[in-house]
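Survey of secondary and tertiary structure
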Amino acid sequence: MLFNHDSDIVGLLQTFSPLFSQRVWPYAQALLLGAILAPGKRTVSSILRVLGLGTVAHFQNYHRVLNRAQWSARLGGRLLFEELIGAFGDDGPLVFGLDETIERRWGRRIAARGIYRDAARSSKAVTNKTSGLRWLSVQLLAKIPWAQKIWALPFLTVLAPSARYYEKRGRQSQTLTERAKQVILQVKRWAPQRSLIFLGDFSYAVLELLAWCQRLKVTLITPLRLDANLFAPAPKRVRGKPGRPRGKGRVLPKLSARLKNPKTKWQRIWVNWYGKGRRKVEVATGTAVWYHSGKVPVPIRWVLVRDPLGEFESRALLSTDPSQSAREIVELYTRRWQVEVTFEETRAHLGFETQRQWNQKAIQRATPVVLGLFSLVTLMAHRLQQRAPGSLRPRASAWYPKAKVSFSDALGYVREHLWKNCFCMSAQKSDSQKFRKSWLNHLAMLLCYTQ
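About the cut-offs
- Residues numbered from 1 in each chain as written.
- Predicted model: local features only at pLDDT ≥ 70, side-chain atom pairs only at ≥ 80, totals over all residues.
- Heavy atoms only, no water.
- Axes fitted to C-alpha atoms, helices over the stretch in contact; angles between N-to-C directions.
- Helix = DSSP H or I, 4+ residues; strand = E, 2+ residues; numbered from the N terminus.
- Parallel < 35°, antiparallel > 145°, perpendicular 65-115°, else oblique.
- Left-handed = near helix turned anticlockwise from the far one by under 90°.
- Contact = heavy atoms within 4.5 Å.
- Nonpolar A, V, L, I, M, F, W, Y, C, P; charged D, E, K, R; others polar.
- Phe/Tyr/Trp six-rings, centres within 6.5 Å; stacked < 30°, edge-to-face > 60°.
- Buried < 20%, exposed > 50% of the residue type's maximum accessible area, 1.4 Å probe, protein only.
- Lys NZ or Arg CZ within 6 Å of the ring centre and 35° of its normal.
- Salt bridge = Lys/Arg side-chain N within 4 Å of Asp/Glu carboxyl O.
- Polar contact = N/O pair within 3.5 Å; in protein donor to acceptor, adjacent residues only side chain to side chain.
- Core = buried A, V, L, I, M, F, W, Y, C linked by side-chain atoms within 4.5 Å.
- Expected span 1.5 Å × (residues − 1).
- Arc of directions from axis to C-beta.

**Section: the packing of helix α5 (residues 73-88) against helix α12 (residues 360-387)**
Between α5 and α12, the shortest axis-to-axis distance is 11 Å and the interhelical angle comes to 40 degrees. On the basis of the axis angle, α5 is oblique to α12. Here α5 runs over α12; the crossing is left-handed. Contacts between α5 and α12 involve Leu 80, Glu 83, Leu 84, Ala 87 and Phe 88 from the former and Gly 372, Ser 375, Leu 376, Thr 378, Leu 379, His 382 and Arg 383 from the latter. Class assignment of the residues belonging to the contact of α5 with α12 gives a composition of six nonpolar, four polar and two charged.

**Examining the packing of aromatic side chains**
On inspection of all chains with the given rule, the structure shows 17 aromatic pairs. With 5.1 Å between their ring centres and 25 degrees between their planes, Phe 96 and Phe 198 make a pair best called stacked. In this pair, Phe 96 sits in strand β2 (residues 94-104) while Phe 198 sits in strand β6 (residues 196-199), placing the two residues 102 residues apart along the sequence. Taking the centre distance of 5.5 Å and the plane angle of 85 degrees together, the rings of Trp 146 and Trp 151 count as edge-to-face. A residue is classified by how much of its surface remains accessible, and Trp 151, at 7% relative accessible area, is buried. Site record: aromatic cluster; members linked through ring pairs are Phe 81, Phe 96, Phe 155, Trp 190 and Phe 198. In this structure, Arg 105 is placed above the aromatic ring of Trp 358, and the distance from its NZ or CZ to the ring centre is 5.6 Å. Here the basic side chain of Arg 306 rests over the ring of Trp 266, its NZ or CZ set 4.0 Å away from the ring centre.

**What about the packing of helix α4 (residues 60-67) against α12?**
Running from amino to carboxyl end, α4 crosses α12 at an angle of 85 degrees, the nearest separation of the two axes being 7 Å. The angle between α4 and α12 places the two elements in the roughly perpendicular class. Between α4 and α12, the residues in contact are Val 65, Leu 66 and Asn 67 and Lys 361, Ala 362 and Arg 365, respectively. Tallied by class, the residues present in the contact of α4 with α12 amount to three nonpolar, one polar and two charged.

**Focus on the pattern of salt bridges**
Opposite charge on two side chains lets them pair, provided their charged atoms get close. Enumeration over the complete set of coordinates arrives at 18 salt bridges. Measuring nitrogen to oxygen at the nearest pair gives 2.9 Å for the salt bridge that ties Glu 208 to Lys 181. Placement of Glu 208 in helix α8 (residues 207-216) and of Lys 181 in helix α7 (residues 176-190) is noted, with a sequence separation of 27 residues between them. Judged by relative accessible area, Glu 208 falls into the partly exposed class, the value being 45%. Residue classification places Lys 181 among the buried positions, given a relative accessible area of 16%.

**Comments concerning unusual backbone geometry**
Of note in this structure, Lys 217 is not a glycine but carries a positive phi near 60 degrees. Turning to its location among the elements, Lys 217 is positioned in the loop between α8 and β7 (219-223). Overall, Lys 217 belongs to the exposed group, its relative accessible area being 72%. Here Glu 353, not a glycine, exhibits a phi torsion of approximately 80 degrees, which is positive.

**Thoughts on the side chain of Glu 103**
Positionally, Glu 103 belongs in strand β2. By relative accessible area, Glu 103 is classed as buried at 1%. A polar atom in the side chain of Glu 103 sits 2.8 Å from the side chain of Trp 135. A polar atom in the side chain of Glu 103 sits 2.8 Å from the side chain of Thr 367. Beyond its immediate sequence surroundings of up to four residues, Glu 103 is in contact with Ser 131, Gly 132, Leu 133, Trp 135, Phe 352, Glu 353, Gln 355 and Thr 367.

**Some remarks on the side chain of Ser 375**
Note that Ser 375 resides in helix α12. Not counting residues up to four positions away in its chain, the partners in contact with Ser 375 are Leu 80, Leu 84, Leu 153 and Pro 154.

**Focus on the nonpolar core**
Of all hydrophobic cores here, the largest spans 126 residues; its most connected members are Phe 96 and Phe 155. If one sorts the elements of this core by residue count, α12 sits on top with eleven residues. Sequence-distant contacts of Phe 155, defined by excluding residues within four places in its chain, comprise Gly 77, Leu 80, Phe 81, Leu 84, Phe 96, Val 138, Gln 139, Leu 140, Val 187 and Trp 190. Residues Ile 110, Ala 112, Trp 135 and Tyr 166 belong to the second largest nonpolar core, which totals eight residues.

**Quick word on helix α11 (residues 337-349)**
Taking 1.5 Å per residue, 13 residues should reach 18 Å; α11 reaches 18 Å between its end C-alpha atoms and fits that length. Along α11, the residues that are buried comprise Gln 338, Val 339, Thr 342, Phe 343, Glu 345 and Thr 346. Looking down the long axis of α11, one finds its buried residues gathered within 165 degrees of arc, a one-sided arrangement. Two residues or fewer after α11 comes Gly 351, characterised by a positive phi angle close to 70 degrees.

**Focus on the environment of Leu 379**
The residue Leu 379 is located in helix α12 in this model. Owing to a relative accessible area of 3%, Leu 379 belongs among the buried residues under this scheme. Beyond its immediate sequence surroundings of up to four residues, Leu 379 is in contact with Leu 12, Leu 80, Glu 83, Leu 84, Ala 87 and Phe 88.

Okay, structure coming up:
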């Protein structure tokens, strides 16, 4: 194997060279490129085979990049984040998807393994549980110009073990809400001058987290329960009146009652609906204070969404920024579906859940890197597309027409470039075989017949 220098690819990879020592960087660079090129499983062994390093005597040096070498995955996430902002970050607010996924893993030596609800295999009627690792991922939701679509680009992924993991070690457990606070604060420190909007599911519709985001001056949009306790803003405090100031005003009708009330004012708007094009929906909105006994009251803007055609159930959303419009909240939240698409793409094309590390340090590094490969491949395709506009096209077929570029197209585009311009595999006599003349004649007859 011979690695040839390419300005676009090598320049992007050199961004991550400060993470490693001069001695470790060549091994880490080979693992990164091999993980992009390898089909199937993303084990170190399969990566070495695809790079033509299956006979290297000191193969353990590649394993030690994950289980022993000194480098920070969090710092790598920051470098990747800066590259993503430079390529796809507009001047407006930065929008992020916040969600967790389960890496299905078994084995007694995996310390952080737990039993969780498998959302991909569960439904409202049936709940399936699985053994694995729970990861909390932050993904930049940005429009990719050559794909003409919004993609979710992972850059920061952290392990979120269950409470039992901390109890066995005599430590205070960290809830998913506390983990969410940590990653949101980390992103805020990386982009202190930008306006940040985070999108989460019901797991993040927690009063404590919402109030904390408002103090941090970060917007959080989540679903809202239809039976939530909503109140009017607290009246102004009368000067000289004893007692602590009120946190809420009069009780407001529940959203479930507003859905049934014929006097509710609905407005019809057109929005981009979960990547399926423009769709007409009806919305009702207002501001309120969400309060629960013993919790901090949080001022929010609520939005009721219903389908005039009745194809989906009515739902409610909230935003910690009361100045946002209903249209903006609905269109922003529908972008969150791309996070699920990214999780599925990494499983289908980047070998997510096929890692086989048992070392704890290697486990905490391998999964964030595999998810980060989705963003790295997107950045590579973006640089190559800028150098040769129009060279990246959707790979359609007679039975599968496709108008827009998908991640599989971008991955094939990057792989083709790497094999042609970055690697030169020396041919061996055992790798070649001459075709018999009878085979060629038979193939020519088949081609004439099909034409």
